[in-house]
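Observations on the three-dimensional arrangement
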Amino acid sequence: MNMANRDTCGTPWRVLPKKVAGAVALALLVAAPAGIAGESPTSGQQPVAKAQPIYRNPAYSFKQRAADLVSRMTLKEEVAQMQNAAPAIPRLGVPAYNWWSEGLHGVARAGAATVFPQSIGLAATFDVPLLHQVGQVVGLEARAKHDLFLREDKRGRYQGLTLWAPNINIDRDPRWGRGQETYGEDPYLTSRMGVAFVRGMQGDNAKYLRVDATAKHFVAYSGPESERHHFDARVSQSDLYDTYLPAFQALVQKGKVAAIMSAYNSVNGVPASANKHLLRDILRKQWGFNGYVVSDCDAVADIYQHHKTVATAAQAAALAVKNGVELNCGTTYASLVEAVHEGLISKADIDKAVSSLMLARFKLGMFDPPGKVPWTHLPYSVVQSPAHTALACRAARESIVMLKNNGVLPLSSDLKRLAVIGPTADDIDALLGDYYGSPKAPVTILQGIRQALPHTQVTYVHGANLVEGRDDPMAASAIPSRYLRPAAGSNVHGLQGEYFHGRDLKGAPVLARVDADVDFRWYLGTPTSALVTHGKMPADQALTRNDYSVRWSGRLLPPVSGSYELDVATNSGFRLYVNGKLVLDKWHWDTHNHIDMAKVAVPLQAGKSYAIRLEYFENQGESAIRLGWRLPGAKPAFQAALDAARNADAVVFVGGLTDAVVGEEMKMDHPGFSGGDRTSLRLPAPQRKLLKALYATGKPVVLVLTTGSAQAIDWAQQHLPGILVAWYPGQCGGTAVADVLFGKTDPSGHLPVTFYKSVKQLPPFDDYAMAGRTYRYFKGQPLYPFGYGLSYTHFAYSDLRLDHSRVGPDGKLVVSFKVTNTGKRAGDAVVQLYLRPIDSKHMRLRKTLRDFKRISLQPGQARVVSFTIVPATDLHYYDVDKHAYAVEPGAYDVQVGASSADIRLKQRFDVD
């Protein structure tokens, strides 16, 4: 990177007024800091000029420089800096900055990035060092992309260094649509994974942060999504301290997380984004958090609009700031100027909040010469590098959980005919989950299987819609080019494509070409991105993401006569004309960035040529468009799937869920779904029906689940010979699934959540009491327990030893045992240690995970594993009478095994 023409903020000189650029340049030439009464530089150098601003001089501490910078801002300027889209202050050399960026499992919503398995899948690896490496990749790619955006003078949303991840809420209930974003139901697992991820993201430089990680959503936020703006989570102090808070405390005290995001909901009647007890008393006073708090988006507006805590925006903004929220995602903080004038909040409160925000920007190196900041030298080639791709593949392989195998797995790679059936088999959305980036070459599960079996006849049939009542965008195929012509009488196959700046198809097209068909997903940019990259189009002429339109026109030549079903699958607006007649009009379609499909029946005659025109505009960032059809008399998908199964040696059914039907606050009310959440844990009805019919053919059927949460698949467990959980496995998902299916990789993932038999086993969804939830408090019989996962090999546990039989509350107890691979192939064992109170009067939980380790063993190899138990932290519970954690004397079990239910060794010890 050429830094010769950049200012102290990493900003091109040309974006600053000439006088400001000159002043900043002068500041950089000063060898020693300016002296200001009451302050002194951190070095032993003498000040040379009292008039020189401290904030521009790297020799002062970041805290001093931030305070000095804020002291020079007007109230209006300060308030503007407290909103996520913070404008530039040219007179001070402060560039514009948008605080909103995402990095849940890869840099998200900012174009090209390595996409790892969704967080729930990462948790299934039980691999702490892996999470640290994934965090490093996210931080490195975010830095490299940010520097590129700065070179292009781009400072918008998703282009910054403050990443709003990870989500460490406890997935208390599998109905929650955002459970996929979490590390599961256990506070200890969540803490370990979250700390590793944060440390990886933020880096280990003593002075500068690579990026800011943000732990969200503080606190007790886990649905219902449809009620999140006004919901009040009623939480006991025991559940708050024993379940909902521990992961946040770990990220603050052990992970040194830079930021916390406050939640939408209220907690015990007080909005989380204006909750003094949570944000001041616990977060800052008890835990010593010294970073900044950002509200979830428009959560401050919710304080007065939905929670009705106060009456006005000014009152809500003042309440949030005074109680600990420095940064507002949204615009409600614009009313802080009014709030100061009305006496609702003091200017000193504003100064303190903005100083915290500026301190964060100083720590990110935004006001120092690039040569002093260790991350600014990163080449853009780190983004989606081969090493990062390899790590995504490793993570995907480690995340896959085998739930059942009666010997059918691994499938033989010598199969002559294999049927791959199901709605998520060839769906890229099934790889990605929520908050994803743009993968370079995503491999669907179907593609992975075909690549693994080059000599096998692999037949694919979609078979069934994902959910009842929704036309699946992946159900139809694109109209083949042989039935399309760019103009009447042309011998060329395809349609004429014209690509325009803006959304209105106006002016001269930027690009005109013949497209063989209309089946595009421009993950890495726009239709002109490749032309710019290869020097075939100047960058200033290229199409802009989120703001272009396309017209495809030509002739359609139907092969047979009858009623055709024409469909358009897209995530933006479109219009479809046949012979000049508008047959589909979705120009203002709002699909919330998910691909959806609209269809229409049109009578066509063979031998005739029909004028066809498809107009499309892109405004979602991840542009996708497909023009498809279903021919008259085509075999129904259900029947085609059964025929394919009957003609195959084996069947792989790939189904479950995608982020198109579950996720963050969405319009989804199909059977079993509501507002982004689920009302049932069963597979959707169309999939259940097809799966049972496939089983009835008598062919071996292996189920591969794509999901972000637990599934009630009791029928499949009883009848099918093999079941895998792939989660949302990221860009390498198809390759990883194929590796496990055909035995190239040993399955080694373990469940980070309990799989229940039915939603009937759970308390009401909106009940935040932990009683009856998760393996720690659930007393029923689960379908699959927390920590469960099978392997192609076998592991034996032996020789459990405790170095003491009694230990004091502040003492330590070392547990050791041997793990042996007794099988015939190499594999990874996920060894889990649980503690169980035997006769407790105070601890309500049944048992709790307190350590785990992933170890690789060759056949016949043994390894001694040791864990250390510290009762003061591993056995504490929240004493509501003392308002503090306590350790209860008495007897406890150490339990060691392969899951929370599969305990191989146990031994009692006593706490004095």
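Conventions and cut-offs
Going along each chain's sequence as written, the residues are numbered from 1 onward. Predicted model: local features are reported for residues with pLDDT of at least 70 only, side-chain atom pairs are reported and counted for 80 or more only, and whole-chain, interface and lining totals are derived from all residues. With hydrogens and water excluded, all non-hydrogen atoms of the structure serve as input to the side-chain values. Any Phe, Tyr or Trp ring, taking Trp's six-membered ring, that has another such ring centre within 6.5 Å forms a pair; planes under 30 degrees apart are called stacked, those over 60 apart edge-to-face, and the others tilted. Numbered from the N terminus, helices here are DSSP runs of H or I no shorter than four residues, and strands are runs of E no shorter than two. Whether a residue is buried, partly exposed or exposed follows from its accessible area with a 1.4 Å probe, protein chains only, as a fraction of its type maximum: under 20%, in between, or over 50%, in that order. In our convention, an over-ring charge means Lys NZ or Arg CZ found within 6 Å of a ring centre and within 35 degrees of that ring's normal. Pairing between strands is defined by DSSP: at least two bridges between them are needed. As a rule, the C-alpha atoms of each element are fitted with a line to give its axis, helices using only the stretch in contact, and angles between N-to-C directions run from 0 to 180 degrees. Any carboxyl oxygen of Asp or Glu within 4 Å of a side-chain nitrogen of Lys or Arg constitutes a salt bridge here. Any two residues whose heavy atoms approach within 4.5 Å at even a single point are treated as in contact. Any pair of cysteine sulfurs within 2.5 Å is marked as a disulfide. Residues belong to one nonpolar core when they are buried, are Ala, Val, Leu, Ile, Met, Phe, Trp, Tyr or Cys, and are joined through side-chain atoms within 4.5 Å.

This structure, assessed with the given rule, holds 38 aromatic pairs. Between Phe817 and Phe867, the ring centres sit 5.9 Å apart and the planes meet at 45 degrees, which makes this aromatic pair tilted. Here Phe867 lies in strand β35 (residues 862–869) and Phe817 lies in strand β32 (residues 813–821), a separation of 50 residues in the sequence. Residue Phe867 is classed as buried on the basis of its relative accessible area, which comes to 3%. An aromatic cluster is defined as three or more aromatic residues linked by ring pairs; in this entry it consists of Phe126, Tyr188, Tyr775, Phe786, Tyr834 and Phe852. Above the plane of the ring of Phe852 lies Arg192, whose end atom (NZ or CZ) is 4.8 Å from the centre.

This next bit is on the sheet that holds β35. Consider a sheet: its strands pair through backbone hydrogen bonds, and that pairing is either parallel or antiparallel. Ordered by their spatial adjacency, three strands build an open sheet running β30-β32-β35, and the pairing between neighbours is antiparallel. Pairing within the sheet leaves two strands with one partner each, and these edge strands are β30 (795–802) and β35. Geometrically, the sheet is characterised by an average inter-axis angle of 20 degrees between neighbouring strands, direction not taken into account. Here β30 runs beside β32; their pairing, made up of six bridges, is antiparallel. Bridge pairing in β32 places Ser798 opposite Lys818.

Turning to the pattern of salt bridges, a few remarks are in order. In total, this model carries 44 salt bridges according to the counting rule given. Between Asp851 and Arg192 there is a salt bridge whose closest N-O contact spans 3.1 Å. Taken as a pair, Asp851 in strand β34 (residues 848–857) and Arg192 in helix α6 (residues 187–202) lie far apart in primary sequence, 659 residues in all. For Asp851, a relative accessible area of 14% corresponds to the buried category. Its relative accessible area of 27% is what places Arg192 among the partly exposed residues.

Spatially, six strands are ordered β10-β29-β28-β25-β11-β12 in an open sheet, and the strand pairing comes out mixed. One side of each edge strand has no neighbouring strand; the edge strands of this open sheet are β10 (401–405) and β12 (457–461). Strand-to-strand, the axes of this sheet are offset by a mean angle of 15 degrees, without reference to chain direction. Here strand β11 (residues 417–421) runs beside β12; their pairing, made up of five bridges, is parallel. Bridging from a neighbouring strand, Ile421 pairs with Val461 of β12. Taken strand by strand, helix α19 (residues 685–696) contacts β11, β25 (650–656) and β28 (701–706), and its axis lies near 170 degrees from that of β25. Seen against the sheet, helix α21 (residues 733–741) touches β25, β28 and β29 (722–725) and runs at an angle of roughly 150 degrees to β28.

Moving on to the pairing of strand β23 (residues 610–618). Consecutive side chains of a regular strand alternate in pointing toward one face of the sheet and then the other. With seven of nine residues buried, β23 lies mostly within the body of the structure. Across nine bridges, the pairing between strand β18 (residues 548–556) and β23 is antiparallel. Within β23, the residue paired with Arg555 across the bridge is Ala611. Examined bridge by bridge, strand β20 (residues 573–578) and β23 share six bridges and lie antiparallel to one another. Considered in β23, the bridge of Tyr577 is made with Arg613.

For the structure on display, the rule yields two disulfides. For Cys297, the disulfide goes to Cys329, at an S-S distance of 2.1 Å. Here the disulfide of Cys297 and Cys329 is right-handed, its torsion about the S-S bond being about 80 degrees. Of the two residues, Cys297 sits in the loop between β9 (292–295) and α10 (299–305) while Cys329 sits in the loop between α11 (313–322) and α12 (336–341), which places them 32 residues apart along the sequence. When the cysteines of the protein that form disulfides are numbered from the N-terminus onward, they connect as 1-2, 3-4.

Here the focus is the nonpolar core. Core analysis: the largest hydrophobic core is formed by 167 residues, its most contacted members being Phe218, Val219, Ile260, Leu336, Phe817, Val819 and Phe909. Those residues in contact with Phe817 that lie beyond four places of it in its chain are Tyr797, Ser798, Asp799, Leu800, Val831, Arg863, Val864, Val865, Phe867, Val896 and Leu905.

The next point concerns α21. Along α21, eight of the nine residues are buried, which leaves the element largely enclosed by surrounding structure. All buried positions along α21 are accounted for by Gly733, Gly734, Ala736, Val737, Ala738, Asp739, Val740 and Leu741. On the buried face of α21, the contacting elements are α14 (386–399), α15 (429–432), α16 (445–452), β25, β28 and β29. One or two positions beyond α21, positive phi appears at Gly743, with a value near 85 degrees.

By themselves, these figures tell us nothing about what the structure is for.
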